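# Secondary and tertiary structure notes
Next come the chains, spelled out residue by residue.
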Amino acid sequence: KAGVTQTPRYLIKTRGQQVTLSCSPISGHRSVSWYQQTPGQGLQFLFEYFSETQRNKGNFPGRFSGRQFSNSRSEMNVSTLELGDSALYLCASSQGLVTDTQYFGPGTRLTVL
Amino acid sequence: AQSVTQPDIHITVSEGASLELRCNYSYGATPYLFWYVQSPGQGLQLLLKYFSGDTLVQGIKGFEAEFKRSQSSFNLRKPSVHWSDAAEYFCAVGGNYKLTFGKGTLLTVNP
């Protein structure tokens, strides 16, 4: 089976712009989660989707949003980018039970200038 | 609220030496515990997980971890470290459809 794929792998944006990141889960997985990783804050949970419904959301401003499509693929969007949004954004997929293992993609490295 | 503490930010060991990485968690119910490893510029790879049952769990690459409820700990061990084990290690607790991670422990392996 192919693993979790994320596109693009690298992005450079300027302050005030918006960005959309994409995640394709492992085939058969219906849950997709997003995490932000920074040197200062570490790994922080953004949100989780299951069958196109958001089941949980982390403590991030409303500029961060996401969605999931009927084929389980997910996108996250960050509007009005700030310098502090520079991070590695990781997507993980699972079958959807709370006990299921989350399998991570390689991440998208976002740099905001 | 769930939380994870990894007390050691950076550990250096010699190749062939034993390794123990510490992890303490806080969670109100039965915890679902994970150890992940991350190489530079890569995503996270699962090493092992604990849900219930035997408190000593075996993982990939020769790693094992022991769940101790009385100490709220889930320490990762390996009897003999290889140079390829150099990476950052994250302990996580699962619940409410999310993982809460510790800050990570960076492992350096000396030849």
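A short tour of the structure in this document, coming up. Model, not experiment: these values are computed from the prediction. (Residues numbered from 1 in each chain as written. Chains lettered and ligands numbered in written order. Predicted model: local features only at pLDDT ≥ 70, side-chain atom pairs only at ≥ 80, totals over all residues. Heavy atoms only, no water.)

Bringing the overall build of chain A into the picture now. In terms of regular secondary structure, chain A is built from zero helices and eleven strands. When the helices and strands of chain A are listed from N to C terminus, the series reads β-β-β-β-β-β-β-β-β-β-β. Relative to its length of 113 residues, chain A is compact, with a C-alpha radius of gyration of 13 Å against a globular reference of 13 Å. For chain A, the accessible surface area stands at approximately 5,300 Å², while carbon and sulfur atoms represent 49% of it. Here chain A contributes 11 positive and 6 negative side-chain charges, whose respective centroids are spaced 5 Å apart. (Helix = DSSP H or I, 4+ residues; strand = E, 2+ residues; numbered from the N terminus. Rg over C-alpha atoms; globule rule 2.2 N^0.38 Å. Areas by Shrake-Rupley, 256 points an atom, 1.4 Å probe, with all protein chains shown as cover. Lys, Arg positive; Asp, Glu negative; His and termini not counted. Charge placed at Lys NZ, Arg CZ, Asp CG, Glu CD.)

A few words now on the pattern of salt bridges. When the charged atoms of two side chains with opposite charge come close together, those side chains can pair. Counted under the stated rule, the structure contains nine salt bridges over all chains. With a closest N to O distance of 3.4 Å, E75(A) and R73(A) form a salt bridge. Given a relative accessible area of 24%, R73(A) falls into the partly exposed group. A salt bridge links R77(B) to E64(B); the shortest N-O distance between them is 3.2 Å. Residue R77(B) is located in strand β9 (residues 73-78), and its partner E64(B) is located in strand β8 (residues 64-68); the two are separated by 13 residues in the primary sequence. With a relative accessible area of 23%, R77(B) lands in the partly exposed category. (Salt bridge = Lys/Arg side-chain N within 4 Å of Asp/Glu carboxyl O. Buried < 20%, exposed > 50% of the residue type's maximum accessible area, 1.4 Å probe, protein only.)

Bringing the interface of chain A and chain B into the picture now. The interface is formed by 23 residues belonging to chain A together with 19 residues belonging to chain B. Of the roughly 1,700 Å² buried between chain A and chain B, counting both surfaces, carbon and sulfur atoms make up 58%. Here chain A is connected to chain B by zero salt bridges. At the junction of chain A with chain B, the criterion picks out six residue pairs in polar contact (both at pLDDT 80 or more). Counting only elements with at least two residues in the side of chain A that touches chain B, the list comes to β4 (31-38), β5 (42-50), β6 (53-57) and β9 (87-94) of chain A. (Contact = heavy atoms within 4.5 Å. Buried area = accessible area lost by both parts, 1.4 Å probe. Polar contact = N/O pair within 3.5 Å; in protein donor to acceptor, adjacent residues only side chain to side chain.)

The residue after T7(A), namely P8(A), is reached through a cis peptide bond having omega -10°. As for its position among the elements, P8(A) is in the loop between β1 (5-7) and β2 (10-13). The phi dihedral of S72(A) is positive, around 75°, even though this residue is not glycine. Within the secondary structure, S72(A) is located in the loop between β7 (64-68) and β8 (74-78). For S72(A), a relative accessible area of 11% corresponds to the buried category. The phi angle at Y97(B) is positive, at roughly 60°, despite the residue not being glycine. When you line up the elements, Y97(B) lands in the loop between β10 (87-95) and β11 (98-101). On the accessibility criterion, Y97(B) (31% relative accessible area) is partly exposed.

With that out of the way, let us pick up the packing of aromatic side chains. If you walk through the whole model with that rule in mind, you get 16 aromatic pairs over all chains. Relative to F101(B), the ring of F104(A) has its centre 6.2 Å away and its plane inclined at 70°; by these criteria the two rings are edge-to-face. Here F104(A) is found in strand β10 (residues 103-104), whereas its partner F101(B) is found in strand β11 on a different chain. Of the two residues, F104(A) and F101(B), neither departs from the other in class, the shared state being buried. Ring plane angle 75° and centroid distance 5.7 Å describe the contact between F34(B) and F51(B), whose orientation is recorded as edge-to-face. On the criterion of sequence distance, the pair formed by F34(B) in strand β5 (residues 32-38) and F51(B) in the loop between β6 (44-50) and β7 (56-58) is long-range, its members being 17 residues apart. (Phe/Tyr/Trp six-rings, centres within 6.5 Å; stacked < 30°, edge-to-face > 60°.)

Taken by themselves, the reported measurements are silent on function.
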